[in-house]
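One-letter residues, chain by chain:
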Amino acid sequence: MTKVAILIPCHIHYEGQKDLLDNCIFSLLKQTLKPKSIYISISFENKYKMDFKSILQKYVRTTNPKINFKISKEKKHQMEHLHNIVSNIDVNDYDMLMFCDDDDTY
């Protein structure tokens, strides 16, 4: 079976974006062929930081696929988030790396 990692860069900066990220993760978990891992690098505008706790609590214990969160204290742009993820994983553990925006639904 193909080992796939999904990489999601995310900066929460407007009302409702947390819900889009939640929907994105949920849609990935409902796929017939699940990825091996989902990596989410995330940063926030200060007023949205507490809103994220519900997503973290909802998915942090998910084991199939394993969901990994990398939380940054300062704002990061999309490519910085992706660099954060790729530099902290062994890309050789996967056959494919797939990129997903936080507002995508599959």
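For clarity, every value in this text was computed on a predicted model and none was experimentally measured.

Engineer: What am I meant to see in the confidence of the model for the chain here?
Structural biologist: Interpretation of the predicted coordinates at a detailed level should be avoided for regions scoring low in pLDDT. Averaged over every residue, the pLDDT of the chain is 91; residues scoring 70 or more account for 100%. The spread of mean pLDDT over the elements of the chain runs between helix H2 (residues 53-59), the lowest at 84, and strand E4 (residues 96-99), the highest at 96.

Engineer: So what exactly am I meant to see when it comes to a nonpolar patch on the surface here?
Structural biologist: A grouping of Val-86, Val-91, Leu-97 and Phe-99 is seen on the molecular surface, where their side chains present a nonpolar patch of about 300 Å² in accessible area. Along the chain, the position of Leu-97 falls in strand E4. You can call Leu-97 partly exposed: its relative accessible area is 30%.

Engineer: I tried to follow the packing of aromatic side chains on my own but got confused; where do I start?
Structural biologist: How two aromatic rings sit relative to each other is given by the distance of their centres and the angle of their planes. For the structure on display, the rule yields one aromatic pair. Note on Tyr-39 and Tyr-94: the rings are 6.2 Å apart at their centroids and 90° apart in plane angle, and the pair reads as edge-to-face. Remark: Tyr-94 occurs in the loop between helix H3 (78-86) and E4 and Tyr-39 occurs in strand E2 (residues 37-44); sequence separation between them is 55 residues. Here Lys-36 stacks its cationic end above the ring of Tyr-94, 5.3 Å away from the centre of that ring.

Engineer: What's the story with the layout of surface pockets in this structure? I'm lost.
Structural biologist: The gaps left among the atoms become clear once a water-sized probe is rolled over them. What the largest pocket holds in volume is close to 260 Å³. For the lining of the largest pocket, the secondary structure elements donating two or more residues are strand E1 (4-12) and E4. Tallied by class, residues from the lining of the largest pocket come to ten nonpolar, two polar and one charged.

Engineer: Would you explain H3 in this entry?
Structural biologist: Because the α-helix completes a turn every 3.6 residues, residues three or four places apart line up on one side. Among all positions of H3, only His-81, Leu-82, Asn-84 and Ile-85 are buried. Down the axis of H3, the buried set is contained in an arc of 155°. They therefore lie on one face. More than 90 degrees from the buried face of H3, the exposed residues found are Met-79 and His-83. Looking at the buried side of H3, the elements it contacts are E1, E2, strand E3 (66-71) and E4.

Engineer: In this structure, what is going on with the side chain of Asn-84? I would like to understand it.
Structural biologist: Within the secondary structure, Asn-84 sits in helix H3. Overall, the relative accessible area of 14% leaves Asn-84 in the buried class. Each residue touching Asn-84, except ones within four places of it in the same chain, is listed here: Ser-41, Lys-70, Ser-72 and Lys-76.

Engineer: Looking at this structure, how should I read the nonpolar core?
Structural biologist: Generally speaking, soluble globular proteins have nonpolar side chains that are buried together. One finds Ile-8, Leu-21, Ile-25, Ile-38, Ile-40, Ile-42 and Ile-67 to be the most contacted residues of the largest nonpolar core, which totals 21 residues. Sequence-distant contacts of Ile-67, defined by excluding residues within four places in its chain, comprise Ile-25, Leu-29, Ile-38, Ile-40, Tyr-59 and Thr-62. The next biggest cluster of nonpolar side chains, apart from the first, holds seven residues, and it includes Leu-7, Tyr-39, Leu-82 and Ile-89.

Engineer: What is the right way to look at the sheet that holds E2 in this model?
Structural biologist: Strand pairs in the sheet, formed through backbone hydrogen bonds, run parallel or antiparallel to each other. Taken together, the four strands give an open sheet; going across it, the order is E3-E2-E1-E4, and neighbouring strands pair in parallel fashion. Here the strands that pair on one side only, and so sit at the sheet edges, are E3 and E4. Taken pair by pair, the neighbouring strands of this sheet meet at an average axis angle of 20°, ignoring direction. Pairing analysis gives four bridges linking E1 to E4, with the strands arranged parallel. The residue of E4 that forms the bridge with Ile-6 is Met-98. Each of E1, E2 and E3 touches helix H1 (residues 17-29); the most contacted strand, E1, lies at about 170° to it.

Here is what the cut-offs are and how they apply
Residues numbered from 1 in each chain as written. Predicted model: local features only at pLDDT ≥ 70, side-chain atom pairs only at ≥ 80, totals over all residues. Heavy atoms only, no water. pLDDT = per-residue confidence, 0-100. Helix = DSSP H or I, 4+ residues; strand = E, 2+ residues; numbered from the N terminus. Patch = residues over 30% accessible without salt bridge, like charges linked within 9 Å, V, L, I, M, F, W, Y side chains within 5 Å. Areas by Shrake-Rupley, 256 points an atom, 1.4 Å probe, with all protein chains shown as cover. Salt bridge = Lys/Arg side-chain N within 4 Å of Asp/Glu carboxyl O. Buried < 20%, exposed > 50% of the residue type's maximum accessible area, 1.4 Å probe, protein only. Phe/Tyr/Trp six-rings, centres within 6.5 Å; stacked < 30°, edge-to-face > 60°. Lys NZ or Arg CZ within 6 Å of the ring centre and 35° of its normal. 1 Å grid on protein atoms, 1.4 Å probe; cavity = no way out; pocket = protein on both sides within 12 Å on 5 of 7 lines; lining within 4 Å. Points joined across faces, edges and corners; volume = space filled by probe spheres on them. Nonpolar A, V, L, I, M, F, W, Y, C, P; charged D, E, K, R; others polar. Arc of directions from axis to C-beta. Contact = heavy atoms within 4.5 Å. Core = buried A, V, L, I, M, F, W, Y, C linked by side-chain atoms within 4.5 Å. Pairing = 2+ DSSP bridges. Axes fitted to C-alpha atoms, helices over the stretch in contact; angles between N-to-C directions.

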